[in-house]
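Analysis of the macromolecular model
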Amino acid sequence: MNPLVQLAAEEPQSPLIPPIPELIVGLLAFAIVFFFLAKKLLPNINKVLEERHAAIEGGIEKAEAAQTEAQSVLEQYKAQLAEARHEAARLRQEALEQGTALKEELRAEGQRQREEIIAAGHAQIEADRKAAANALRRDVGRLATELAGKLVGESLEDYARQSRTIDRFLDELEEKAEAAR
């Protein structure tokens, strides 16, 4: 027999220590599996891990780029908003100035129209006063002629004589009125 087998048969077997042939077969199987894993499976695992690492790093870089772009867009938006507010304030100020100028123009136009109406009113009053004075002069002259004709006892129907008498009478009245002032 084989001396190893005899030695193994003679000694009591410990349950914790495996027999040597089993240990050798187990080590050979482990080496084959380790070699297979190291040569075939481990490169594939490393490749997948590297791809995943690259994807994660790329995702982080993309996220940082997106965050940078979002920050840039936010700054542009804030700048446009500030510019729009400034423009709105400028337009409000211009509208206020135009409104004030328009009010002043309308006020000046109203004042001018008021002055024209007053001047037209004064002219109309003066024309009416002159027309009334002329009508009064004719009526007073006619009445004075009739009264004088009744007092004198003769007819003063002659127009030229009547006109001179009336003018003389009215001139005397005007002189007395001016002297009384």
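What you see is a predicted model, and the numbers here were worked out from it, not measured in a lab.

**Let's talk about the environment of phenylalanine 169**
With respect to the helices and strands, the residue phenylalanine 169 is situated in helix 3 (residues 159-180). As for phenylalanine 169 and alanine 144, which are separated by 25 residues in sequence, their C-alpha atoms are 8.7 Å apart.

**Structural notes on a nonpolar patch on the surface**
On the surface, Val33, Phe36, Leu37, Leu41, Leu42, Ile45 and Leu49 cluster together to form a nonpolar patch covering roughly 620 Å² of accessible area. Positionally, leucine 37 belongs in helix 2 (residues 20-152). For leucine 37, a relative accessible area of 34% translates into the label partly exposed.

**Let's talk about the packing of aromatic side chains**
For the coordinates displayed, the defined rule picks out 1 aromatic pair. With centroids separated by 6.1 Å and ring planes inclined at 25 degrees, the aromatic side chains of phenylalanine 30 and phenylalanine 34 adopt a geometry described as stacked. You can see phenylalanine 30 and its partner phenylalanine 34 sitting in helix 2, 4 residues apart, about one turn around the helix. Exposure remark for phenylalanine 34: the relative accessible area of 52% places this residue in the exposed category.

**Remarks on the pattern of salt bridges**
Counted according to the given criterion, the structure contains 7 salt bridges. The residue arginine 112 makes a salt bridge to glutamate 109 at a minimum N-O spacing of 2.2 Å. With a gap of 3 residues between them, arginine 112 and glutamate 109 both fall in helix 2, about one helical turn apart. With relative accessibility at 38%, the residue arginine 112 sits in the partly exposed group.

Reading guide: rules and limits
Residues numbered from 1 in each chain as written. Predicted model: local features only at pLDDT ≥ 70, side-chain atom pairs only at ≥ 80, totals over all residues. Heavy atoms only, no water. Helix = DSSP H or I, 4+ residues; strand = E, 2+ residues; numbered from the N terminus. Patch = residues over 30% accessible without salt bridge, like charges linked within 9 Å, V, L, I, M, F, W, Y side chains within 5 Å. Areas by Shrake-Rupley, 256 points an atom, 1.4 Å probe, with all protein chains shown as cover. Salt bridge = Lys/Arg side-chain N within 4 Å of Asp/Glu carboxyl O. Buried < 20%, exposed > 50% of the residue type's maximum accessible area, 1.4 Å probe, protein only. Phe/Tyr/Trp six-rings, centres within 6.5 Å; stacked < 30°, edge-to-face > 60°.

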